[in-house]
Amino acid sequence: MISNTPDTPTADGDIAMTAGGWRVSTLARIGDLVGALTGGGRSTAQGRDNANADKKGNEMQTQSIANNGVNVEALLGAREALTEAPEAAMFKWRARCEWIDGAHSRSTVDGFFGLGAEQRRPQPHVVDADHPAEFAAMDNGATPVELVLSALASCLTAGVASVAQNRGIQLRSVKASVEGHMDIAGILGIDPEVRNGFSMIRVHFDIDSDATADEIAAVVAQSQKRSAVFDILTNPTNVHVQVDVRDDVHNDDVA
Amino acid sequence: MTRISTVIIGAGHCGLAMSRRLSQRNVDHVVLERGRVANSWRTERWDSLRLLTPNWQSTLPGDPYDGPAPDGFMTMPELIFRLERYAQRGGAPVQTQTEVLAVHAEASGYRVETTRGVFHCANVVLASGACNIANAPAVAAEVPRSVQTFTPMSYKRPADLPNKGVLVVGASASGVQIAREVHASGRPVTLAVGEHVRVPRSYRGRDIQRWMQRLGLLDQRWDAVDDLNRVRRTPSLQLAGGGLWRTLDLNALTDDGVRIVGRLVGVRAGKAQFSGSLANMCAAADLKMNRLLDAIDAHVEETVLQHVVGPQRRLAPTRVPSDPLLELDFGGEAIGSVIWATGYRPDYSWLHLPVTDRKGRLRHDGGVLDAPGLYAMGLPFIRKRKSTLITGAGDDAAALAEHLVARSARRLAA
Ligand SMILES: Cc1cc2nc3c(=O)[nH]c(=O)nc-3n(C[C@H](O)[C@H](O)[C@H](O)COP(=O)(O)OP(=O)(O)OC[C@H]3O[C@@H](n4cnc5c(N)ncnc54)[C@H](O)[C@@H]3O)c2cc1C
């Protein structure tokens, strides 16, 4: 299965990687992929109608119907390979951030660890964050909380595309709008009872496709079920913060 | 020391069904049981439990239901009585009070060590149950000491719980049934809901199990499903026996006053934390339920049953609280106990053979293990969707007995 997948990067976000002697060429949206391959959908409903149907045939048929730019075959290959080599599924995602001025900072994302090795993109991605004028800041970028909302929207949207692809649903357009409610009495320290983070997040999807409303609802449900960012926001995570204090005098001593 | 062709481990319904199938094929065997026949049903269930499968369905090969209430649901004493009678009538060679301590491979087959001596045999059938251990998540260790913890195996009746609030974790069959009776006892229940399978008790005037059978879902084979791992992990149907035709879903529990919250994901500083994914869990369960009911409607159309069955009345969508609770303070809310209704798993700690995967699950192809003459029964979807039910044991035992006999014949010929 793995050797059948294309070796060169193709669709958006595809990355060619080698790990421990086996090769997975497309690992786009791996968090969403697992879900994309499970859950009842059109293709599985078909399978159910005809228990003896050739499953491979069904999948192929499914793929030829819809094209959302998701390489389902490669994702299936990745899933199979990672089931066999669970240690290759252990990833470390990273971002570096540097303070510029005031609330303005710049994050850079390039390398990550996965498939048993350090991986590096050809080009780093750079994201600026700041606060708007209402917070007496320079507005050099989105606020960090808006970046979180955008991460949620992107993750769910990517999930919708892959789940739909796997279920043979052709998407024409997918638009998500996300709104996070926040009482800033928390971050401003006005009221200790108020939490700093969002009190609630609302996502609205506007999807144009060839599927029924129920089928789309199921796709959206499945994309939440397998979304990393949805999980990050809905469930607690331990965060360990360490500090290296730079002291000029000490630095001189060392040097 | 005893030498015998086949050892069956466990005298639950699976072991008894296999014994019946082997007797029919003149295979010399013994059924080793650590307790008495139907031990799990005698010792590991709560008092009020009834089967969630109707009587007409809860049968073993050669023993159709002949009682007065085919659409009723058996209590534990009734089921135990029936299983004992089944063992007696079939002359099943059960050796009770004999616990298997270890199974090893040896040159000519297997060495089965028990509390009553050693058996040497060519074949072993693992019928020791799918539900030997109640799962509890890792966060269980963080629950404050002052809170008592139970599982559906240790829980027997509400009166055994402290007279305080109760957190029930898990909303599949065991969780919803226990939540209802505990709440009715006056102990306010909070129910943590993760992935679950919602179905109405009945639809269009027929029990849901009747439809599942009619649609061929129960007979679906392991080698004909799209994603076997997923179906094997699917939690039990949110169903209860008793209260004829009564649906026990989250809406019914909400009506009772049970508080519905998201999946339990953490316990920190004396507080339970719940996932914010409750709405999606419920939406997904509603969608799946309606897909099943759509399939039933389609079947009714195809087979022109419209005039025989009832109207297409669907359950209302699950009512999710607008702001589900995300945190529960065990102390502040006076929670006296937690019940982990988070599923069960089998115990094969005595099975010293390289037949499990890295998560300790048996590797098998339709109950045929990767070791000659070794078979397993009773696990979810081991051969068919109904394998997990009492009604599934007959077919599975027949198929595996057939395999066992064919293999023995080949061995003799060789
Ligand atoms: C709460 C609950 C409700 C259920 N409700 C239903 C229902 O409504 N309808 C239905 O069809 N099914 C129901 N199921 C049962 C399910 O069908 C069975 O658990 C499953 O199919 C396994 O059956 P079994 O005969 O293999 O296991 P069991 O009935 O558990 O039998 C296994 C036997 O093996 C013995 N054993 C285990 N280890 C050893 C050892 N080392 N040495 C010797 N003996 C050993 C045990 O004592 C036990 O008697 C329910 C299960 C549970 C837990």
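Predicted model only: the values in this text are computed from it and were never measured. (Residues numbered from 1 in each chain as written. Chains lettered and ligands numbered in written order. Predicted model: local features only at pLDDT ≥ 70, side-chain atom pairs only at ≥ 80, totals over all residues. Heavy atoms only, no water.)

### Considering the overall build of chain B
The cut-off we apply is this: In DSSP terms, a helix is any run of H or I states spanning at least four residues, a strand is any run of E spanning at least two, and both are numbered starting from the N terminus. In this setup the radius of gyration rests on C-alpha atoms only. A globule is expected at 2.2 Å times the number of residues raised to 0.38. Exposed residues in this analysis have more than 50% of their type's maximum accessible area, buried residues have under 20%, and partly exposed residues fall in between, with area computed by a 1.4 Å probe over protein chains only. Pairs of residues are marked as contacts when any of their non-hydrogen atoms sit within 4.5 Å.
For chain B, the count of helices and strands is 9 helices and 23 strands. The C-alpha atoms of chain B give 22 Å as radius of gyration, which agrees with the globular expectation for 414 residues (22 Å, within 12%). Counting only C-alpha atoms, chain B reaches 70 × 60 × 40 Å along its principal axes. When burial is assessed residue by residue, chain B has 55% of its 414 residues classed as buried. Considering only intrachain contacts with a sequence separation of at least 6, the fraction spanning at least 24 residues in chain B is 70%.

### As for the packing of helix α1 (residues 13–24) of chain B against helix α3 (residues 76–89) of chain B
Each packed pair of helices is defined by two parameters, the angle between the axes and the distance between the axes. All names here are of chain B. Quick note on the threshold: Helix axes are fitted to C-alpha atoms over the stretch in contact, other axes to C-alpha atoms as well, and angles between N-to-C directions run from 0 to 180 degrees. An angle below 35 degrees is treated as roughly parallel, one above 145 as roughly antiparallel, one from 65 to 115 as roughly perpendicular, and anything else as oblique. With the far helix as reference, a near helix turned anticlockwise by less than a right angle produces a left-handed crossing, and one turned clockwise produces a right-handed crossing.
Where α1 meets α3, the closest approach of the two axes is 10 Å, and the angle between their N-to-C directions is 20 degrees. On the basis of their axis angle, the class for α1 and α3 is roughly parallel. The way α1 lies across α3 gives a crossing that is left-handed. Listed contacts from α3 to His13, Leu16, Ala17 and Arg20 of α1 are Leu83, Tyr86 and Ala87.

### Observations concerning the site of the ligand
Residues and elements named next belong to chain B. For clarity, the threshold we go by: Being near a molecule or strand, for a residue, means having at least one of its heavy atoms within 4 Å of it. Definition of a polar contact: a pair of N or O atoms within 3.5 Å, with one able to donate and the other able to accept a hydrogen when the atoms are protein atoms, and with sequence-neighbouring residues admitted only if both atoms are side-chain atoms. Per-residue accessibility takes into account occlusion by the displayed protein chains alone, with areas from the Shrake-Rupley method and a 1.4 Å probe. In this classification, Asp, Glu, Lys and Arg are treated as charged, Ala, Val, Leu, Ile, Met, Phe, Trp, Tyr, Cys and Pro as nonpolar, and every other residue, Gly included, as polar.
For the ligand, the set of nearby residues contains 32 residues, the closest of which are Glu33, Ser40, Leu52, Thr388 and Ile390. One nitrogen or oxygen atom from the side chain of asparagine 39 is found 3.0 Å from an oxygen atom belonging to the ligand. At 3.4 Å, a backbone N or O of glycine 378 approaches an oxygen atom of the ligand. For the ligand, the protein covers 95% of the area, taking 990 Å² as the surface of the free molecule. Where the shell around the ligand is concerned, the elements lending two or more residues are α1 and α2 (39–43). The element contributing the most residues to the shell around the ligand is α2, with 3 residues. For the shell around the ligand, a count of residues per class yields 16 nonpolar, 12 polar and 4 charged.

### What to know about the side chain of histidine 13 of chain B
Residues and elements named next belong to chain B. Within the secondary structure, histidine 13 is located in helix α1. With a relative accessible area of 12%, histidine 13 lands in the buried category. If we skip the residues at most four places from it in the chain, histidine 13 touches Trp41, Leu60, Leu83, Leu389, Ile390 and Ala393.

### Thoughts on the packing of aromatic side chains
Residues and elements named next belong to chain A. Quick reminder of the rule: Working definition: rings of Phe, Tyr and Trp (its six-membered ring) pair if their centres are within 6.5 Å, and the pair is stacked with planes under 30 degrees apart, edge-to-face with planes over 60 apart, and tilted otherwise.
A full pass over the atoms with the stated rule returns 4 aromatic pairs over all chains. On the numbers, 6.0 Å between centres and 15 degrees between planes, the contact of phenylalanine 91 with phenylalanine 112 is stacked. Taken as a pair, phenylalanine 91 in the loop between α4 (72–84) and β3 (96–101) and phenylalanine 112 in strand β4 (residues 104–114) lie far apart in primary sequence, 21 residues in all. Residue classification places phenylalanine 91 among the partly exposed residues on the basis of a relative accessible area of 22%. The exposure class assigned to phenylalanine 112 is buried, which follows from its relative accessible area of 4%.

### Some thoughts on the domain arrangement of chain B
All names here are of chain B. What counts here: Source of the domain bounds: an automatic or database domain assignment. Reported buried area values correspond to the accessible surface (1.4 Å probe) lost by two parts on association, with both partners' losses combined. Between Lys or Arg on one side and Asp or Glu on the other, a salt bridge is scored when a side-chain nitrogen of the former is within 4 Å of a carboxyl oxygen of the latter.
Taken domain by domain, chain B holds domain 1 (2–132 + 346–413) and domain 2 (135–340). Summarising the inter-unit geometry, the C-alpha centres of domain 1 and domain 2 are found 28 Å apart. At the junction of the two partners, domain 1 supplies 31 residues and domain 2 supplies 32 residues. Roughly 2700 Å² is buried in total at the junction of domain 1 and domain 2, and carbon and sulfur atoms are behind 55% of that figure. Interface area lost by domain 1 to domain 2 is led by Trp46, Leu52 and Phe381, which between them contribute 27%. The interface formed by domain 1 and domain 2 holds 4 salt bridges in total.

### Concerning the packing of α1 of chain B against helix α9 (residues 393–413) of chain B
All names here are of chain B. Viewed as axis vectors pointing N to C, α1 and α9 meet at an angle of 50 degrees, and their least axial separation amounts to 9 Å. Between α1 and α9, the angle falls in the class oblique. Crossing hand, α1 versus α9: right-handed. Contacts between α1 and α9 pair His13, Cys14, Ala17, Met18, Arg21 and Leu22 from the former with Ala393, Gly394, Asp395, Ala397, Ala398, Leu400, Ala401 and Leu404 from the latter. For the contact of α1 with α9, a count of residues per class yields 10 nonpolar, 2 polar and 2 charged.

### Side note on a nonpolar patch on the surface
Residues and elements named next belong to chain A. Spelled out, the test is: Like-charged residues within 9 Å of one another, or nonpolar side chains (Val, Leu, Ile, Met, Phe, Trp, Tyr) within 5 Å, are grouped into patches, provided each residue has over 30% relative accessible area and no salt bridge.
A cluster of nonpolar residues, Phe135, Ile184, Ile187, Leu188 and Ile190, forms a patch on the protein surface that exposes about 480 Å² of accessible area. Relative to the helices and strands, isoleucine 184 is located in the loop between β6 (171–181) and β7 (200–209). A relative accessible area of 32% places isoleucine 184 in the partly exposed class.

### Details of the pattern of salt bridges
In this structure the tally under the stated criterion is 34 salt bridges over all chains. For arginine 79 of chain A, the salt bridge identified is with aspartate 227 of chain B, shortest N-O distance 3.4 Å. With arginine 79 of chain A in helix α4 and aspartate 227 of chain B in the loop between α5 (208–214) and α6 (228–233), the pair connects residues from two separate chains. Classification of arginine 79 of chain A as partly exposed rests on a relative accessible area of 24%. Given a relative accessible area of 10%, aspartate 227 of chain B falls into the buried group. One continuous salt-bridge network, built from bridges that share partners, spans Asp63, Asp66, Arg82 and Arg85 of chain B.

### Considerations on the sheet that holds strand β17 (residues 271–274) of chain B
Residues and elements named next belong to chain B. Heads up, the rule is: When DSSP finds two or more bridges between a pair of strands, those strands are recorded as paired.
Overall, antiparallel pairing links the 3 strands, which are arranged β16-β17-β18 in an open sheet. Edge positions in the open sheet fall to β16 (264–268) and β18 (327–329), since each of these has one partner strand only. Taken over all neighbouring pairs, the strand axes of this sheet differ in orientation by 20 degrees on average, direction set aside. In this structure, β16 lies alongside β17, joined through 4 bridges in antiparallel fashion. Opposite leucine 264, over in β17, you have phenylalanine 274 as the bridge partner.

### Section: α9 of chain B
Residues and elements named next belong to chain B. Rules: In a helix, the anticipated span is given by 1.5 Å times the number of residues less one. Taken from the helix axis, the directions to the C-beta atoms give the arc we talk about.
Between the first and last C-alpha of α9 there are 30 Å, a value that for 21 residues agrees with the 30 Å anticipated at 1.5 Å per step. For α9, every residue scored as buried is listed here: Ala393, Gly394, Asp396, Ala397, Leu400, Ala401, Leu404 and Arg407. Take α9 and look down its axis: the buried residues cluster within an arc of 155 degrees, on one side only. Along α9, exposed side chains directed more than 90 degrees from the buried face belong to Arg410 and Ala413. Buried residues in α9 make contact with β1 (2–9), α1, β6 (117–126), β22 (368–369) and β23 (374–376).

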